[in-house]
Amino acid sequence: MAQMFEYNAGEMVEALVSARAGGVRFAVIDMVNLEFISSAGVGSLLGTVNSFKEQGGDLILCNVSPTVFHVLKVLDLDTYFTIRGSVEEALTLTEATA
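Fair warning: this is a prediction, and the values are worked out from it, not measured in the lab.

A. Representation of unusual backbone geometry within the structure. Positive phi is not limited to glycine here, since Asn 63 has a value of about 55 degrees. Along the polypeptide, Asn 63 turns up in the loop between β4 (58-62) and α3 (66-74). For Asp 76, which is not a glycine, the phi torsion comes out positive at approximately 60 degrees.

So, in structure tokens, the structure goes:
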């Protein structure tokens, strides 16, 4: 199972920033294998989701484990992030709002 810390969140952020710069309005992050997220990992997600939301899009998290969801809930971010149960649900949301 994966863990997200500052040192390994950089690649994800770079890919998302590049996608955003290329005109992508919506991105889906499948967290199916993520069992732990550090405060730096949450900060990376926050900075990235803000850039999508500022452009009328969104960063959608899916398959969020109970442990990661608990971290987001404790930080009162469970309603700030768009969270869906599966990749399919997340993609349906992007299609409906595109």
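B. Representation of the sheet that holds strand β2 (residues 26-30) within the structure. Across the sheet, which stays open at both edges, the 3 strands sit in the order β2-β4-β5 with parallel pairing between neighbours. Edge strands, defined here as strands with exactly one partner in the open sheet, are β2 and β5 (82-84). Averaged over neighbouring strand pairs, the angle between their axes works out to 25 degrees when direction is ignored. Here β2 runs beside β4; their pairing, made up of 5 bridges, is parallel. Within the sheet, the bridge partner assigned to Phe 26 lies in β4 and is Asp 58. Packed onto the sheet, helix α2 (residues 39-54) meets β2 and β4 and runs at close to 130 degrees relative to β4. Packed on one face of the sheet, helix α4 (residues 87-97) meets β2, β4 and β5 and runs near 175 degrees to β2.

C. Summary view of the packing of aromatic side chains. Per the counting criterion, the structure on display carries 1 aromatic pair. When the centroid spacing of 6.0 Å and the interplanar angle of 80 degrees are considered together, the rings of Tyr 80 and Phe 81 count as edge-to-face. The ring centre of Tyr 80 lies 3.9 Å from the NZ or CZ of Lys 53, which sits over that ring.

D. Structural view of the confidence of the model for the protein chain. Mean pLDDT over the protein chain: 90, with 94% of residues reaching 70 or higher. Of all secondary-structure elements in the protein chain, the lowest mean pLDDT belongs to strand β1 (residues 2-4), at 69, while β5 reaches the highest, 97.

E. Representation of the nonpolar core within the structure. Of all hydrophobic cores here, the largest spans 18 residues; its most connected members are Ile 29, Leu 45, Leu 59 and Leu 61. Among the secondary structure elements, those contributing two or more residues to this core are α1 (6-21), β2, β3 (34-37), α2, β4 and α3. The dominant element in this core, judged by the number of residues it contributes, is α2, at 4 residues. Not counting residues within four places of it along the chain, the set of residues in contact with Leu 61 comprises Ile 29, Met 31, Leu 45, Leu 72, Phe 81, Thr 82, Ile 83 and Arg 84.

Cut-off values and rules
- Every residue gets a number counted from 1 within its own chain, in the order that chain's sequence is written.
- Confidence filtering applies because this is a predicted model: local features only for residues at pLDDT of at least 70, side-chain atom pairs given and counted only at 80 or more, and all residues used for totals across whole chains, interfaces and linings.
- Only hydrogens and water are removed before side-chain values are computed, so all heavy atoms of the structure are retained for them.
- Secondary structure elements follow DSSP: runs of H or I no shorter than four residues count as helices, runs of E no shorter than two count as strands, and numbering proceeds from the N terminus.
- Any two strands are treated as partners once DSSP identifies two or more bridges connecting them.
- Simply put, an axis is a line fit to the C-alpha atoms, just over the touching stretch for a helix, and the angle between two N-to-C directions goes from 0 to 180 degrees.
- Two residues qualify as a contact provided that any one of their heavy atoms is within 4.5 Å of a heavy atom in the partner residue.
- Stacked, edge-to-face and tilted are the three classes for Phe, Tyr and Trp ring pairs, Trp counted by its six-membered ring, which pair at centre distances within 6.5 Å; planes under 30 degrees apart are stacked, over 60 edge-to-face, the rest tilted.
- Placement of a positive charge over a ring is assigned whenever Lys NZ or Arg CZ falls within 6 Å of the ring centre and within 35 degrees of the normal to the ring plane.
- Per residue, pLDDT measures the predictor's confidence, with a range of 0 to 100.
- Here the nonpolar core consists of buried residues drawn from Ala, Val, Leu, Ile, Met, Phe, Trp, Tyr and Cys, with membership extended through side-chain atoms lying within 4.5 Å.
- Burial status follows relative accessibility: with a 1.4 Å probe on protein chains alone, a residue under 20% of its type maximum counts as buried, one over 50% as exposed, and anything between as partly exposed.

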